[in-house]
Structure formats: C-alpha cells, structure tokens
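# Working through the structure, step by step
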Amino acid sequence: MRYIDSLKVEAREAATWRGHTMSRFSKLGKTSAESTCTVCGAGVSVDTHPAPNGIDIGGPAVAVGCAE
C-alpha cells in the first residue's frame, strides 16, 4: 500500500471514530489529499511530505466530534 493511501485509511478511521461521515478523498497535489464530513463539513487533510513543523494528518474532523 502506498504511503498516502495508508494515511487516508488512518485519517478516515480517526474521523469515523469521532462520529463523522467522510466523503471520498480528493487529490490536492502529488503528495496531499482532503476529505470533508458530509454531515457537518469538518475536514481532514493528509500530506506525505509536510513542512518541517507540519503534520501528515490534520484537521477538525480528526480533532473534534461531529456536530450532528
């Protein structure tokens, strides 16, 4: 499995655990993608090459519960 695909799986699992219903990931560039919750609109992004102080998985969907 490619690294970006494993990040997508991990991000989807974390968001689902918080009650979100995530859309399909859309590609942002060669190394990044994003998805949003179909209920509340919270997003998550993944990046295989984050900035030096950046993170590979981030966004409100993996940080807070769904506002359903």
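The structure under discussion appears in the preceding block.
Scope of this entry: the structure provided in the associated data block. (Residues numbered from 1 in each chain as written. Predicted model: local features only at pLDDT ≥ 70, side-chain atom pairs only at ≥ 80, totals over all residues. Heavy atoms only, no water.)

### Points about the overall build of the protein chain
Check the secondary structure of the protein chain and you find one helix and four strands. Ordered by position in the sequence, the α and β elements of the protein chain form the string α-β-β-β-β. Computed over C-alpha atoms, the radius of gyration of the protein chain comes to 11 Å, within 12% of the 11 Å expected from 2.2 N^0.38 for 68 residues, which places it in the range of a compact globule. The burial tally for the protein chain puts 31% of its 68 residues in the buried class. When contacts within the protein chain are restricted to residue pairs at least 6 apart in sequence, long-range pairs at least 24 apart make up 38% of them. Within the protein chain, the 7 negative side-chain charges are centred at a point lying 8 Å from the centre of the 7 positive side-chain charges. (Helix = DSSP H or I, 4+ residues; strand = E, 2+ residues; numbered from the N terminus. Rg over C-alpha atoms; globule rule 2.2 N^0.38 Å. Buried < 20%, exposed > 50% of the residue type's maximum accessible area, 1.4 Å probe, protein only. Contact = heavy atoms within 4.5 Å. Lys, Arg positive; Asp, Glu negative; His and termini not counted. Charge placed at Lys NZ, Arg CZ, Asp CG, Glu CD.)

### As for the pairing of strand E2 (residues 32-36)
As paired strands, strand E1 (residues 26-27) and E2 are joined by two bridges and run antiparallel to one another. Looking across to E2, one finds that Ser-26 is bridged to Glu-34. The turn linking E1 back onto E2 is made up of four residues. One ladder, built from five bridges, connects E2 with strand E3 (residues 43-47); its direction is antiparallel. Bridged to Ser-32 within E3 is Asp-47. Between the end of E2 and the start of E3, which pair antiparallel, lie six residues, with Gly-41 showing a positive phi angle near 85°. (Pairing = 2+ DSSP bridges.)

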